[in-house]
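An overview of the molecular structure
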Amino acid sequence: MRQEHYYVPQPMPWPIMGSTALFLMILGGVFVMNGASAGWISLALGVVVLLYMLLRWFGDVIRESEGGKYGSWEDVSFRWGMSWFIFSEVMFFAGFFGALFWARAMSVPDLSSLLHQEMLWPGFKGLWPSAGPGFAEEFTPMGALGIPAINTLLLLSSGVTLTYAHWGLVNNQRGKLNLFLFLTIVLGAIFLGLQIYEYAHAYSALNLKLSTGVYGSTFFMLTGFHGFHVTLGAIMLTVILFRCLAGHFKSDHHFAFEAVAWYWHFVDVVWLLLFIVVYWL
Amino acid sequence: MSAVLDTHGHADHGYHPGGIMRWITTTNHKDIGTLYLWFSFIMFMVGGVMALVIRLELFSPGLQWVDPDFFNQMTTMHGLIMVFGAIMPAFVGFANWLIPMMIGAPDMAFARMNNWSFWILPFAAALLVISFFTPGGAPGVGWTMYAPLTVQMGMGMDLTIFAVHLLGMSSIMGSINIITTILNLRAPGMGLMRMPLFCWTWLITAYLLVATMPVLAGAVTMTLTDRHFGTTFFNAAGGGDPVLYQHIFWFFGHPEVYIIALPAFGVVSQVIPAFARKPLFGYASMVSATAGIAILSFIVWAHHMYTVGMPVAGQLFFMYATALIAVPTGVKVFNWVATMWKGSLSFETPMLFAVGFLFLFTLGGFTGLVLSLAAVDIQLHDTYYVVAHFHYVMAIGAVFAGYAGVYFWLPKWTGRMYDEALGKWHFWLSVIFINITFFVQHFAGLAGMPRRIPDYPMMFEVWNKISSVGAFGFGISQLLFLYIIVSAIRSGEKAPDKPWEGADSLEWTHLPTPAPRHSFHTPPVLK
Ligand code: HEM
Ligand SMILES: [Cu+2]
C-alpha cells in the first residue's frame, strides 16, 4: 500500500549555523593563507561550530529515524539523494584525473617538443613522471609495489568485511555485524596510517613534495583527496558502529548503514583507479 | 531552540518561530522560493549597478571615472554576480515554488537541506563583497577566472575562490533536492511524461549542475593550491599548463549556459500555451530536445578556446558539435511558434515577455551559430560581438523568461494581480532599451572593439554612447518592475484561482489562490 503522508520536517536552526561555520572557516583560512595568523582563531571557531551543528543535525535525523518517522517513501528519497551525492563526488575526482591525463598526454610532451627544446627548454625530456622543465632538483617517484599494493589489498578486503557486516545486519546476526564493521574500520585506519607513513617517506627520503612540479601536484592532490574521503568514510563507519552497538537499525530498515557502505565502496573504486593510473602506469 | 519532533504524520504543528527566525529556519518550499527570488533580485540590482559603472566609463573614450584596475574588478564581479547570484538563484526560486505544486507533492524531498541551499548564498555573496575591501581589492580576472592571472591576484582572489565553493555546494544540494523531488514525490498518476515541461527542464538542469559544479570546484581548488601551496597545475615551468584551466573551466562553463537557459525554456513552455490557449506543441519532442541539448553541451566546451591553440581536427570537432546544438534548439523554437499557430492569442505581460524572449533569444542563438565557426571566431573572439551574443541569450533571454514567470505566477504566489498597464510599460521600456544597449555592440565587435577594456579608440565612440544610454534606460526601467511587484503585493486586486484561461497545470487547476502553505498534504487525485 502506498504511504499516505510524506514526512516534512520542522524548521530548524542548524543550516544557518552551518553556513556561519563555513563562513568563519573561510575567512580564517584566507587570513592564514595570506600570512595573518590571527585567522586561526576564526578557523578553529568555525570548525567547532560546524562539528556541533553536524552533531545536532544528525542527532535529530537519527532520533526521527529511530522514532519511526521514515517509511518506505522517505527511504527512496534518501537513496536517490545519496546516489546523486556520490555522483557529484565522482565528478569532483574526474576533474583531478583530467588534470593528470592532461599533464601526461598533453602538456609535458608538448613542453619537450622540438620547438620548445629549441626556444625555451633545451634538453627537457618530457618523460613521465616529470616535474616539468623548470624543476631543478632530483626526486624519486612513488613506486606501485610496497605500501600502495598493500593499501590496495587493505581497502579491497575492507569492502569484503563491510559486505559481511551487512549480511549480519540483514540476517539479524548482530554479533557478526559488529565484529565485521569493527574490522572494516580497523582496515581503513591501517590504510590511513600507511598513507601517512608513505607521505612522510616521500617528503623525507624521496624528495617528493606537493611542490614537486606537476607530478607532485597530481600525486598529492589525488591521493590526498582520496585519503580525506577515506577519513570521512571511516568516521561515518564509526558512527554507524556506535549506532549498531546501541541497537539501532532493523534488518529491513537501515539505509544509513547502506549509504555509508555505498560511500565506502565508492572510495574503494577511486582507489583502484588511483592505484592504476597514479602509482602503477 | 531545538527542532521539535512532530508526532503527527506531517508538519505544520509545533515549532513555528515568528519574525525573522521564520525565514531563517523555514523548511517550507514556498518560503524558501520567496527567499531565493528576493535574493536574486537584490543581486540583479547589485550586478546591474556594476554594469552601469562599466557603461559609464565606456560612454566616452579615454579614462574618465574609474581606474583600469577597478574597471576589471567591476567586469569580474558583474559577471559572477549576474550568473551565480541573479540568474541561477532566480530559477531555483521558481523551482522551489512550482515543482511541488506542479507534481502534487507536499513539499521538497529534503526540506531542511533546502533551507541550507538557500542560506549558504548570502554568505557567498558576503565573501564577494568583502573581497573589495582587501588589499588589492576584488579580483580583476574576469568571471572565467583564467590562470595564470588568478595565481597572481591578491587575497580577494582567495575569497572569490571560496565563494565559488559555497555557490557550488548550494547548487549541488539544491539540485539533488530537485531531482529527488521530481523522481520520488510525484502524485500517483503524474507520470514523467505528464509533468509540465518546466519540471522536465529543471530535472535535466539539476543533472547538469550535479555533473559540472564539482568540476568547477576542482578547478578553483587547483588555482588555490597553485597560489598558496606550491602546486604547478597551471604553471608550465612545473610541467603544468594554463590551458588546462581553460579546459576544466569550460567543461563546466558550457553546460552552465544551459543551466541558465533550460529553466528559462521551461518557464516559456508554460507561459506560451497558456496565452495561446492550446496545449504545448510537440511535448515529447520538447523533452527529447532538452535532453539532447544537455548531452551535447558536454562535448562542445572548446568552442570558447579556438584561439588558444588547438589542432585543426579539434577545432573541427568542436565546431561541428556546437553547430549540432542548433538542431534541438531549433526544435524548441519551432514548437513554441507552432504552439502559437492558430491559437487564440492574447498578449498580457507574461506573454509579451515570453514572445520577447522568443525573438531575442533566437537572435542570440544565431550569433552563437556565427561564433561556432572556428574561422570566424578567430576574428570575433574577445570582442564586443561576443558580449552582445551572450547578453542576448543570458541578459535578455533568461531575464525576460524570468520576468514572464514572475508576472505569470505572481497571482498564485501572492493572491494579488499586478497592474496590467504598468506591466506592459515595463515590457516595452525593457525591450526597447535592452536592444539599444546590446544591438550596437554587434557592430562595435565586428569593427574590432575588444571586451574587458576601459578605454577604446575614437572610432567606436558612437556605438558605445548609444549602448550606454540604453543601459541606463534599462536600469531605470527595472525600478518600475520593483514598484509593480511591491504595489501588487500590498494593494493589488484579489486574484481568482485561475486568472489565466489557458493555464492547465496543477497549481492552477487543483489549488486555491493564494496557494496554501502546504500545497498537497495528501496527493491529489489525477485522472
Ligand atoms: C542591463 C543589463 C546589463 C548590462 C548593461 C550589462 C553590461 C555588461 C558589460 C558592459 C560587460 C563588460 C563587457 C566587457 O568589457 O567584456 C558585461 C559583461 C558580462 N555580463 Fe553583463 N550586463 C547586463 C546584464 C547581464 C546579465 C543579466 C547577465 C547574466 C547572466 C550578464 C552576464 C555578463 C557576463 C558573464 C559578462 C562577462 C564578464 C567578464 O568579462 O568576465 N550581464 N556586461
Ligand atoms: Cu559554450
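Residues numbered from 1 in each chain as written. Chains lettered and ligands numbered in written order. Predicted model: local features only at pLDDT ≥ 70, side-chain atom pairs only at ≥ 80, totals over all residues. Heavy atoms only, no water.

Accessible area lost on assembly of the parts is the figure often given for the size of an interface. Listed as interface residues are 67 residues of chain A and, on the opposing side, 83 residues of chain B. Regarding the contact of chain A and chain B, the summed buried area is about 6,300 Å², with carbon and sulfur atoms giving 74% of it. For the chain A face of the interface with chain B, the top three residues by lost area are Gln 10, Pro 11 and Met 33 of chain A, together amounting to 11%. Counting across the interface, chain A meets chain B through 1 salt bridge. One salt bridge in this structure joins Arg 112 of chain B and Glu 64 of chain A, with 2.8 Å as the shortest N-O distance. (Contact = heavy atoms within 4.5 Å. Buried area = accessible area lost by both parts, 1.4 Å probe. Salt bridge = Lys/Arg side-chain N within 4 Å of Asp/Glu carboxyl O.)

All names here are of chain B. Turning to its location among the elements, Val 440 is positioned in helix α14 (residues 420–446). Considering only alpha carbons, one finds Val 440 and Pro 454, 14 residues apart in sequence, at a separation of 17 Å. Once you skip the residues sitting within four places of it in the chain, Val 440 turns out to touch Asn 435, Trp 463, Ile 466 and Ser 467. (Helix = DSSP H or I, 4+ residues; strand = E, 2+ residues; numbered from the N terminus.)

The next subject is the nonpolar core. Grouped burial of nonpolar side chains is what soluble globular proteins tend to show. Within the largest apolar cluster, 260 residues are counted, with the highest numbers of intra-cluster contacts made by Phe 84, Trp 202 and Trp 336 of chain B. With 21 residues, helix α3 (residues 68–103) of chain B is the single largest residue contributor to this core. Each of domain 1 (1–70) and domain 2 (72–280) of chain A contributes no fewer than three residues to this core. Among all residues touching Phe 84 of chain B, those that are not within four sequence positions of it are Pro 89, Trp 143, Leu 167, Met 213, Leu 216 and Phe 252 of chain B. (Core = buried A, V, L, I, M, F, W, Y, C linked by side-chain atoms within 4.5 Å. Buried < 20%, exposed > 50% of the residue type's maximum accessible area, 1.4 Å probe, protein only. Domains from an automatic or database assignment.)

All names here are of chain B. Distances from the copper ion (ligand 2) to its protein donors, namely His 254 (ND1), His 303 (NE2) and His 304 (NE2), fall within the range 1.7 to 2.0 Å. Mapped onto the sequence, the residues coordinating the copper ion (ligand 2) show the spacing H-x48-H-H. One end of the pair, His 254, is in helix α8 (residues 242–276); the other, His 304, is in the loop between α9 (283–296) and α10 (312–340), and 50 residues separate them in sequence. Taking relative accessible area as the criterion, His 254 reaches 7% and is therefore assigned buried. Under the relative-accessibility criterion, His 304 is labelled partly exposed at 21%. (Donors = N, O, S within 2.8 Å, 3.2 Å for Na, K, Ca; no water.)

Here His 254 of chain A shows up in the loop between α7 (213–245) and α8 (255–280). Residue class for His 254 of chain A comes out buried when judged on its relative accessible area of 6%.

Here we come to the site of ligand 1. All names here are of chain B. The immediate surroundings of ligand 1 are formed by 24 residues, with His 78, Trp 143, His 391, Arg 451 and Arg 452 found nearest. His 78 places a polar side-chain atom, nitrogen or oxygen, 2.8 Å from a nitrogen atom of ligand 1. Between ligand 1 and the protein, one listed contact pairs a nitrogen atom with a side-chain N or O atom of His 391 at 2.8 Å. When contributions to the shell around ligand 1 are tallied by element, the ones reaching two or more residues are α2 (29–58), α3, α13 (384–414) and α15 (461–491). Looking at the shell around ligand 1, the element that brings in the most residues is α13, giving 7 residues. Its residues placed into classes, the shell around ligand 1 shows 16 nonpolar, 5 polar and 3 charged. (Near = heavy atom within 4 Å. Polar contact = N/O pair within 3.5 Å; in protein donor to acceptor, adjacent residues only side chain to side chain. Nonpolar A, V, L, I, M, F, W, Y, C, P; charged D, E, K, R; others polar.)

All names here are of chain A. Packing of helix α6 (residues 174–204) against α7 leaves a shortest axis separation of 10 Å and a crossing angle of 155°. By the angle between their axes, α6 is roughly antiparallel relative to α7. Note that α6 runs across α7; the crossing there is left-handed. Classifying every residue of the contact of α6 with α7 by side-chain character gives 17 nonpolar, 10 polar and 2 charged. (Axes fitted to C-alpha atoms, helices over the stretch in contact; angles between N-to-C directions. Parallel < 35°, antiparallel > 145°, perpendicular 65-115°, else oblique. Left-handed = near helix turned anticlockwise from the far one by under 90°.)

Now for empty space enclosed by the protein. All names here are of chain B. Overall, the coordinates contain 5 cavities of 30 Å³ or more when judged by the stated rule. Volume-wise, the largest cavity comes out at about 120 Å³. Lining the largest cavity are 14 residues; nearest its centre among them are Tyr 36, Met 88, Val 92, Ser 170 and Ser 171. For the lining of the largest cavity, the secondary-structure elements that each account for two or more residues are α3, α6 (155–184) and α7 (197–228). At 6 residues, the largest contribution of residues to the lining of the largest cavity is made by α6. Per-class residue counts for the lining of the largest cavity are 10 nonpolar, 4 polar and no charged. (1 Å grid on protein atoms, 1.4 Å probe; cavity = no way out; pocket = protein on both sides within 12 Å on 5 of 7 lines; lining within 4 Å. Points joined across faces, edges and corners; volume = space filled by probe spheres on them.)

Now for the domain arrangement of chain A. Residue and element names in this part refer to chain A. For chain A, the assigned domains read domain 1 (1–70) and domain 2 (72–280). Computed from C-alpha atoms alone, the centre-to-centre distance between domain 1 and domain 2 is 25 Å. Roughly 1,000 Å² is buried in total at the junction of domain 1 and domain 2, and carbon and sulfur atoms are behind 55% of that figure. In terms of surface lost to domain 2, no three residues of domain 1 exceed Gln 3, Tyr 6 and Tyr 70, which account for 55% of the buried area on that side. Connecting domain 1 to domain 2 are 1 salt bridge. With its nearest N and O atoms 3.4 Å apart, the salt bridge here joins Arg 243 to Glu 66.

Cis peptide bonds are those with omega within 30 degrees of zero, and the linkage from Trp 128 of chain A to Pro 129 of chain A qualifies with -5°. Relative to the helices and strands, Pro 129 of chain A is located in the loop between α4 (114–119) and α5 (147–170). For the bond running from Thr 513 of chain B to Pro 514 of chain B, omega is -10°, close enough to zero to count as cis. Relative to the elements of secondary structure, Pro 514 of chain B occurs in the segment after α16 (506–509).

Residue and element names in this part refer to chain B. Topologically, Ser 467 is positioned in helix α15. Here Ser 467 falls in the buried class, since its relative accessible area comes to 1%. When neighbours within four sequence positions are excluded, Ser 467 is seen to be in contact with Arg 55, Ile 436, Thr 437, Val 440 and Gln 441.

On to the confidence of the model for chain B, then. Residue and element names in this part refer to chain B. Per-residue confidence for chain B averages 94 on the pLDDT scale, and 97% of its residues sit at or above 70. Within the model, the stretch residues 1–13 combines pLDDT values under 50 with 33 contacts to residues more than four positions away or in other chains. ipTM for the predicted complex: 0.96, alongside a pTM of 0.94. (pLDDT = per-residue confidence, 0-100.)

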